[in-house]
Amino acid sequence: PKKEHFTVVVLGASGDLAKKKTFPALFGLYKNKYLDPNTHIIGYARTKMDLHVYHDQVSKYIKIKSDEDKVHLESFLKLCTYQSGQYDKDSDFQELEHHLRDVEKQTRAKARLFYMALPPSVFIPVAKSLKKNNHPEGVTIRLIVEKPFGMDLESSRELGRELGALFTEEEIYRIDHYLGKEMVKNLMILRFANVIFGSVWNRHAIDNIQITFKEKIGTEGRGGYFDEFGIIRDVMQNHLLQILSLVAMEPPVSLSAENVRDEKVKVLRYIPPIQAEDILLGQYVASEDGKVPGYLDDKTVPKGSKTPTYAAATVFINNERWSGVPFVLKCGKALDQQKTEIRIQFKDVAGNLFQSLSRNEIVIRVQPGEAVYVKMMNKEPGLGMKTIISDLDLSYSKRFNDVAIPEAYESLILDALNDDHSNFVRDDELDAAWKIFTPILKKIDEGHHDPIPYAFGSRGPKGVSEFVAKYGYHRGKQE
Ligand code: BG6
């Protein structure tokens, strides 16, 4: 497709997401020459501030590693201007339009990328204002939107209807930033470009699959937002389910965005809603030494809240490839380590030839320390015929030492500029995802599931190992 020349508008430019993710990603693209050097970036938010204060905010989380970076940052900031305005006031968006036209007169850009780094409450008002004031004829529009996409199936559909009345599906880019992560993007290649993996990727060889997300941090001042949503809506229904769909989907007809997303949505439709017995919830309390406060100690969290900060849930995919294979999804905050990984455990070896055997596993470590490793049996070197578990280890730090792994947001913003929807969530995919989780979320919201307390910095609520073992995960027979 023809490369268009964009002006980027970041709405919610003074918020955390913009500062921590959007601006550093735009800078990364600029520095590495993926962004046209003429691209202008306009920030829009309610706060009134001088340009130099704004520039301090834009740079706050940009990592400067060399003198060269410093020079790049200076020229990058020259492209960044700011305008304050309300989110529902036409006159402010008309002013934004003047600002845009001034800029476009110089840059000759004919396309606009609106990045909505906004809280859900102002989402639709802003989309309406943009449509009314900032969408002139002949100008290409792209809209990047961030979760939460509603609270459940109904509210997500409502949001979809409202947004759909303003912009076409082609104009909308729903971000799930896990789809921009290197190892998540690697999944299709691992599966569909390797006979040795592709041919065993099914219920005949695989016993169970675990997808795990662990974070060491708690809610840290985001308690207000978090409490309304909880860990299932915050991480499981989107990030983990997206990973699951890439692990489980059938090979797409081609790598086109529509072909890929057709397969992703199809596999989600084979998953029935999660049952009460297939879920385990937790909420963190103070650390064992009492030094780090618990979830309910956060002043932004309502008293007595039962919102889960940990969840484990098992889903089943009722199709020919996966029938009977449990997919165990686990995610939690305030745990003992930070880690996201996919662990595919194979069935036991048949027969009694060897005394001591562990199951084969393929582990795809998404972060930190990107890696793929295969756990396999080997002969223990030396005299004798003892078996030993060993690894075929593809750790990126060793194998691709000098390659910088791009940030997820860099990859996704670049995709949006290039009109590539493959790594964005389509409306029907979102719908299918909500169908799986909405009934159980309703029960949780009604208070039918008390979360089990776990200490900040621990491995999670009691019973997690038993929960996982119930769905078949074990290490095999060992002496
Ligand atoms: C976000 C969640 O979508 O993902 C956060 O809202 C979570 O709660 C974050 O911390 C994790 O992303 P990453 O890229 O740091 O693993």
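Conventions adopted
- Once a new chain begins, its residue numbering starts again from 1 and follows that chain's sequence as written.
- Residues qualify for local features only when their pLDDT is at least 70, as the model is predicted, and side-chain atom pairs are given and counted only at 80 or more; totals for whole chains, interfaces and linings, by contrast, use all residues.
- The basis for every side-chain value is the complete set of heavy atoms in the structure, and neither hydrogens nor water enter the calculation.
- UniProt positions are given in the numbering used here, feature names are shortened, and annotations may be inferred rather than shown by experiment.
- Residue proximity to a molecule or strand is established when one non-hydrogen atom of the residue lies within 4 Å of it.
- Each polar contact in these results corresponds to two N or O atoms within 3.5 Å; when the atoms are within protein, one needs to be able to donate a hydrogen and the other to accept it, and residues that are neighboring in sequence are counted only if both atoms are side-chain atoms.
- Residue-level accessible areas treat just the shown protein chains as cover; the underlying method is Shrake-Rupley with a 1.4 Å probe.
- Residues are grouped as follows: Ala, Val, Leu, Ile, Met, Phe, Trp, Tyr, Cys and Pro are nonpolar; Asp, Glu, Lys and Arg are charged; every other residue, Gly included, is polar.
- Of the grid points, spaced at 1 Å and generated over the protein atoms alone, those admitting a 1.4 Å probe that cannot get out make up cavities, while open sets with protein on both sides within 12 Å along at least five of seven lines make up pockets; any residue with an atom within 4 Å of a point is treated as lining.
- Grid points are joined across faces, edges and corners, and a volume is the space filled by probe spheres set on the points.
- Helix and strand labels come from DSSP, where a helix needs a run of H or I of at least four residues and a strand needs a run of E of at least two; each type is numbered from the N terminus.

Going by an unreviewed UniProt entry, the chain carries the name Glucose-6-phosphate 1-dehydrogenase and comes from Dissophora globulifera. What UniProt states about the chain under its Sequence similarities (unreviewed entry) heading is, verbatim, "Belongs to the glucose-6-phosphate dehydrogenase family."

Caption draft 1: Broad picture of the site of the ligand. Taken together, K147, H177, Y178, K181, F213, E215, R222, D234, H239, K333 and Q367 make up the full set of residues adjacent to the ligand. The separation between an oxygen atom of the ligand and a polar side-chain atom of K147 is 2.7 Å. A distance of 2.4 Å is found between an oxygen atom of the ligand and a side-chain nitrogen or oxygen belonging to Y178. Protein chains bury 81% of the 390 Å² of accessible surface belonging to the ligand in isolation. Here the residues of the shell around the ligand sort into two nonpolar, three polar and six charged.

Caption draft 2: Quick peek at empty space enclosed by the protein. Inspection of every chain in the model, using the stated rule, returns one cavity of 30 Å³ or more. Taken as a whole, the largest cavity spans an internal volume of roughly 150 Å³. For the largest cavity, the lining is made up of 16 residues, of which K147, F149, Q237, N238 and L430 are closest to its centre. Of all the secondary structure elements, the ones that give two or more residues to the lining of the largest cavity are helix 9 (223-248) and helix 13 (427-445). Top element by residues in the lining of the largest cavity is helix 9. It accounts for five residues.

Caption draft 3: View of the layout of surface pockets. In this structure, the second largest pocket spans a volume of roughly 560 Å³. Together, 25 residues line the second largest pocket, and Q210, K330, R459, V464 and S465 are the ones closest to its centre. Counting only elements with at least two residues in the lining of the second largest pocket, the list comes to strand 7 (206-214), strand 10 (327-332), strand 11 (339-346) and helix 14 (464-470). Element by element, the count of residues in the lining of the second largest pocket is highest for helix 14, at five residues.

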